[in-house]
Amino acid sequence: MRVMGVGGGAREHALAWKLGLSDYKPEIFWVAENRNPGIHKICKDNQGELRVGRITDPKTIVRSARGWGVDMVVVGPEEPGFHGIPDALEKEGIQCIGASQELSIIERSKADLRRLQWENNLPGKLLFRTFKNAREASDYIRKNIGTQPWLQNIVIKPARQSGGKGVKLIEDRQIYLHNEKERFKEAYFDSLQASMAAYSDIEDKILIEEKAWGPEYSLQCFTDGKTVLGTPLVQDNKSAHDFDSGPETGGMGSISGPDMTLPFITREEYDKSLKIIEGVVEAAQKKTGKSYHGMVGGQMMLTENEGPTIIEMYSRLGDPEAINMLAMLKTDIIDVFQAIVERRLSKLKIEFTSEDAVVVKVVAPSGYPERREKARGHPVQVFETNVKRNGCYLFWGSAELQEDQQVLTGGSRLLTLMAMDHTLPPASARIEKTVSSIQLTDGWGLYHRSDIGTEQLLAKRQSEAERVRRLYKYMEERGILGSRMEWLPNVGRIDSSQLLLRELHGPEKA
Amino acid sequence: MTGLVGFYSFGEGRENWDASHFIHYGLSALQGRGQESVSLATIGPGSTLHTLGGKGGVEELFSSNKTSIPKGFIGIGQTSSYADDYLVHVKAPYELVLALDGKTDLHENRGEATKLFARQLSQLLHSEKESLKATSMLMNKIGGGYSFVALTHKQELVTGRNPLGVKPLETGSVGFDIAAVASETCALDVMGIDHTGPVETGEIIMFTPEDIRGNTPTTDPGNFCSYEYVYLARLDSKVNTLPVATVRNSIGRELAKAHAVKADVVIGVPETALSIANGYSQESGLPQEPGFMRTGENIRAALVPTQKERLIGVQLKLNPVKSAFEAKDIVLVDDSVVRGNTLRNTVLNLKRSGAQSVHVRIGSPALVSPCPYGVEIPPKDELIAGNLNEKELASTVGADSISFMTIEELQHAIGLPRQNLCMRCFEKGGTTK
């Protein structure tokens, strides 16, 4: 059997690792935009090869797959999906594990995801509003902030994935800082509009959502379009530095296990989260008339108004969350992929370890994420015996293997270390012991988050979860979960959630 | 004593933040730590440090300098209980401004000691490639008890708490955009910043345009200032992860258990002792009544420099609510006694207003030694409890009885091991541990 992978990050290295462990002994081929040292080695050891090419170009991918005569392709990152790679492969009769272009809209357009949720009145959604331009956004907020209190505390996002433009959180709670917040908000609207002007494929440029708080977690699933199969919950940590501070990154590390939930999420919340994701997949299939087969994930948060809530969707596995899940997966990954391809996931008995907790930590060069040009091109040295001796696994990410076998940093997240143990803190400690085995020989700095997987951070998540759970349970017990009830002087009782439903459906349906 | 604030922003659009607004309100929340001099510095974009300082409180500085408030998206600030105590500005070899709470042991004089520390930091940031490691070594080398925050011309914010950990320092953040440090968590709350945890003993954190780096904190459990819990810190703060309000309540309860007295009503001296009186009332079952109304600004009597200002401060502060204690036996609860004049005024006020008897209960041991780390506890000669026994003291202030907590009782109320608490000011010629 011949399998081909697409993508060159740590997530893809982990996929290749898992394929290499399969009893089917597949020959492993790969296309990536960087010469990832880990994937390169696995391909070589399994009668295959790693080719460097543009992974968003259907021609390149189809030509490689046909040339190598592969039986199946698995797509790692989201961009190939956005560019229709799975569609192009299937048109050629090559089986592909990955969301098609139309279905990957749930990740590509944050505004379309919210619309899908509200149009179908699915649970686990946040109040939202889209705007065509910055002026419209600031005018709307200024005009309505008095009668729609949720507009005071918002998250501003580019309505579509857009080169490095991040999420901004504006909490306008202190009256004495109001002008300050307003000024920042408007300046950010302007800069978003400027960067989004290049995209003519969507009308909405700016998305605002109500600001929610609570512990976050990812639920990654396999789906064949009929069944959505949940995997163990994983919590990723997006801030660059300890104590959840610093700029937003692709994810600095994640925890999972030792069973299907996390220490601070209940089984009931797991089940609800899975239902929410099923609802989105179903609604997206209905809307597009296409079948979703591949991976899908919800970046979830427990919130006070909704309980489990979707923050964003993945049309793929998360990076680094994929590594946690794959480390816990006991079923042969080829069996999972074949069940997806043959649309018989409901019959598959998928198993995960219930004895081990998994901690994953990303090591990144200084300069990431805000000054990547400075973070690029530094020579890497790894003391592999130390990594092995501490029971850690290393997955290469943004790294470039040179002709002379030297590895250089690529400017983004360099590599990921994974360790397993009976509980999270000892697994975290193994990685802490190992990070010094990775160095840049030119003296440029590396960093990672030492707090991921520690008792201290777990206690913080736990306390956050308990506080928010008390709030949403209160609403649930009174049958008002999902409402946003407020009383305003001279206006009376309002529910922003009903207002939004009415706006989208007309008064009769809401 | 001083209150410190540091504000750091990241990410796209950060030039739109105006750090001075955050520092303004952060410092306002820390004015309990001093309001004699206030100063701030900001930077960004570019490499110019903008500074401003002035006598008096935070509002005074900000309202009288409306057009010259430093602009920038990164900044630090300090409010100080010392006269003319501003951020130290070192121009070369590595330009920086520094704010410090506590005292380093580089000089007898606190101000000089702070200047020397700032100069050494500048020297080292200039010459050492591994600035984090070097700063960490510097802090391990220089003794005393201090926390500091510095801002450099390269848009770096360096903050640390020396291994003794006697001075508090807390961190916070908002989303992906803002990180902050402050002497107390109340300042973070007021700035709308989520508290993330204390800076550990011996910990240095460096915020730079490239990253945030921290050294590994020392394993030293620290020797935390117990007076922070009794009086210095604000009620809505957490100090070393303990909520001040909870500790003050236990102090009151402990006081009621060990120093019970027959009385009709419990009255606390505003502001600090109100929560101690509350604990006393809950434990003893005696009702707590509001005994005083304050007029004018909240002047913290212990921190006001001259005798005259202190007396005016007290009189303005406390107008008795006569009906609360007319013809009653009163337990008067206060946090501490420094020179005794505040207490004397208060007791006499109560009696003049009709109180039958006044039993004074103090929520801390007698202050008998000055603070080596810069808290304005006056020299031994000026400490009334260091010079008089309880009986002499009672008659001097006009009380029917007076008693202080013991060191053991205070330690028990705080709930930390004895070796983790600095109680030097309560010990006659005592040591730190």
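1. Here we look at the overall build of chain B
Helix and strand counts for chain B stand at 13 helices and 23 strands. The C-alpha atoms of chain B give a radius of gyration of 22 Å, which matches the 22 Å a tight globule of 433 residues would have. C-alpha atoms of chain B, sized along the principal axes, occupy 70 × 45 × 40 Å. Considering chain B as a whole, with its 433 residues, one finds that 58% of them fall into the buried category. Considering only contacts within chain B whose residues lie at least 6 apart along the sequence, 69% involve residues at least 24 apart.

2. Observations concerning the overall build of chain A
When you go through chain A residue by residue, the secondary structure sums to 17 helices and 27 strands. What you see for chain A is a C-alpha radius of gyration of 23 Å, in line with the 24 Å of a compact globule of 510 residues. Taking all 510 residues of chain A together, the buried fraction comes to 52%. Partitioning the intrachain contacts of chain A with sequence separation of at least 6 by distance along the chain shows that 69% fall at a separation of at least 24.

3. Observations concerning the sheet that holds strand β6 (residues 96-104) of chain B
All names here are of chain B. Read across the sheet, six strands follow the order β5-β6-β7-β8-β12-β13 without closing on themselves; strand pairing throughout is antiparallel. Of all the strands in the sheet, the pair left with one neighbour each is β5 (88-90) and β13 (212-214). On average, adjacent strands in this sheet sit at an angle of 20° to one another, irrespective of strand direction. In terms of strand pairing, strand β8 (residues 157-161) meets strand β12 (residues 203-207) through five bridges, oriented antiparallel. Within β12, the position partnered with Arg161 by the bridge is Glu203. Lying over the sheet, helix α3 (residues 110-127) contacts β5, β6 and β7 (144-152), oriented at roughly 130° with respect to β6.

4. What about the sheet that holds strand β3 (residues 50-52) of chain A?
Adjacent strands of a sheet form backbone hydrogen bonds with each other and so pair up, either parallel or antiparallel. Residues and elements named next belong to chain A. If you trace the five strands from one edge of the open sheet to the other, you get β3-β2-β1-β4-β5, paired in parallel fashion. Every other strand in the sheet has two partners, leaving β3 and β5 (95-97) as the edge strands with one partner each. When the angles between neighbouring strand axes are averaged without regard to direction, this sheet yields 20°. Bridging between strand β2 (residues 27-32) and β3 involves three bridges; their strand directions are parallel. Across the sheet, residue Ala32 finds its bridge partner in β3, namely Val52. Its contacts with the sheet put helix α1 (residues 10-20) on β1 (2-6), β2 and β4 (72-75), and the angle it makes with β2 is roughly 170°. Packing against the sheet, helix α3 (residues 58-68) makes contact with β1, β2, β3 and β4, and its axis sits at approximately 160° to β1.

5. Quick look at helix α1 (residues 19-29) of chain B
In an α-helix, one turn spans 3.6 residues, which is why side chains three or four residues apart end up on the same side. The buried fraction of α1 of chain B amounts to 11 of the 11 residues, a majority that puts the element mostly inside the structure. Restricting attention to buried positions, one finds in α1 of chain B the residues Ala19, Ser20, His21, Phe22, Ile23, His24, Tyr25, Gly26, Leu27, Ser28 and Ala29 of chain B.

6. Some points on the confidence of the model for chain B
Averaged over every residue, the pLDDT of chain B is 91; the share at 70 or more is 94%. Overall fold confidence for the complex sits at a pTM of 0.84, while the interface term, ipTM, reaches 0.72.

7. Structural notes on the domain arrangement of chain B
By a widespread convention, an interface's size corresponds to the accessible area lost as its parts come together. Residue and element names in this part refer to chain B. Domain boundaries assigned for chain B yield domain 1 (2-222) and domain 2 (245-426). Relative to domain 2, the C-alpha centre of domain 1 lies at a distance of 33 Å. Counting residues at the interface gives 13 residues for domain 1, matched by eight residues for domain 2. Of the residues in the side of domain 1 that touches domain 2, the class split is three nonpolar, seven polar and three charged.

8. Points about the packing of α1 of chain A against helix α11 (residues 321-328) of chain A
Residue and element names in this part refer to chain A. Look at α1 against α11: their axes get within 8 Å of each other, and the N-to-C directions meet at 15°. Overall, the two elements α1 and α11 adopt an arrangement that is roughly parallel. When the axes of α1 and α11 are compared, the crossing they make is left-handed. For the pair formed by α1 and α11, the contact residues are Ala10, Arg11, Ala14, Leu15 and Lys18 on the first element and Ala322, Ile323 and Leu326 on the second. Of the residues contributing to the contact of α1 with α11, the split by class is six nonpolar, no polar and two charged.

9. Comments concerning unusual backbone geometry
That bond from Gly44 of chain B to Pro45 of chain B is cis: its omega, -10°, falls within 30 degrees of zero. Among the secondary structure elements, Pro45 of chain B is positioned in the loop between β2 (37-43) and β3 (50-55). The phi torsion at Gln47 of chain A lies on the positive side, around 55°, for a residue other than glycine. Backbone geometry places Gln405 of chain A, a non-glycine residue, at a positive phi of 75°. Turning to its location among the elements, Gln405 of chain A is positioned in the loop between β21 (399-401) and β22 (407-410).

10. Observations regarding the environment of Phe82 of chain A
All names here are of chain A. Note that Phe82 resides in helix α4 (residues 79-82). Of the residues examined, Phe82 has 19 C-beta atoms within 10 Å and is grouped as partly exposed. Remark: the alpha-carbon pair of Phe82 and Glu107, spanning 25 residues in sequence, is separated by 8.9 Å. Apart from residues no more than four positions distant in its own chain, Phe82 is found in contact with Gln101, Ser104 and Arg108.

11. Focus: the environment of Thr218 of chain B
Of note, Thr218 of chain B is situated in the loop between β13 and β14 (224-225). Not counting residues up to four positions away in its chain, the partners in contact with Thr218 of chain B are Pro163, Thr201 and Gly202 of chain B.

12. Let's talk about the pairing of β22 of chain A
Residue and element names in this part refer to chain A. Sheet topology places strand β19 (residues 376-382) next to β22; three bridges connect them, and they run antiparallel. Looking at the pairing, Pro379 lines up with Leu408 of β22. Strand direction decides the pairing type here: β21 and β22, joined by three bridges, are antiparallel. Its bridge partner lying in β22, Ala399 is registered against Thr409.

Basis of the calculations
Residues numbered from 1 in each chain as written. Chains lettered and ligands numbered in written order. Predicted model: local features only at pLDDT ≥ 70, side-chain atom pairs only at ≥ 80, totals over all residues. Helix = DSSP H or I, 4+ residues; strand = E, 2+ residues; numbered from the N terminus. Rg over C-alpha atoms; globule rule 2.2 N^0.38 Å. Buried ≥ 20, exposed ≤ 12 C-beta atoms within 10 Å, placed from the backbone. Contact = placed C-beta atoms within 7 Å. Pairing = 2+ DSSP bridges. Axes fitted to C-alpha atoms, helices over the stretch in contact; angles between N-to-C directions. pLDDT = per-residue confidence, 0-100. Domains from an automatic or database assignment. Nonpolar A, V, L, I, M, F, W, Y, C, P; charged D, E, K, R; others polar. Parallel < 35°, antiparallel > 145°, perpendicular 65-115°, else oblique. Left-handed = near helix turned anticlockwise from the far one by under 90°.

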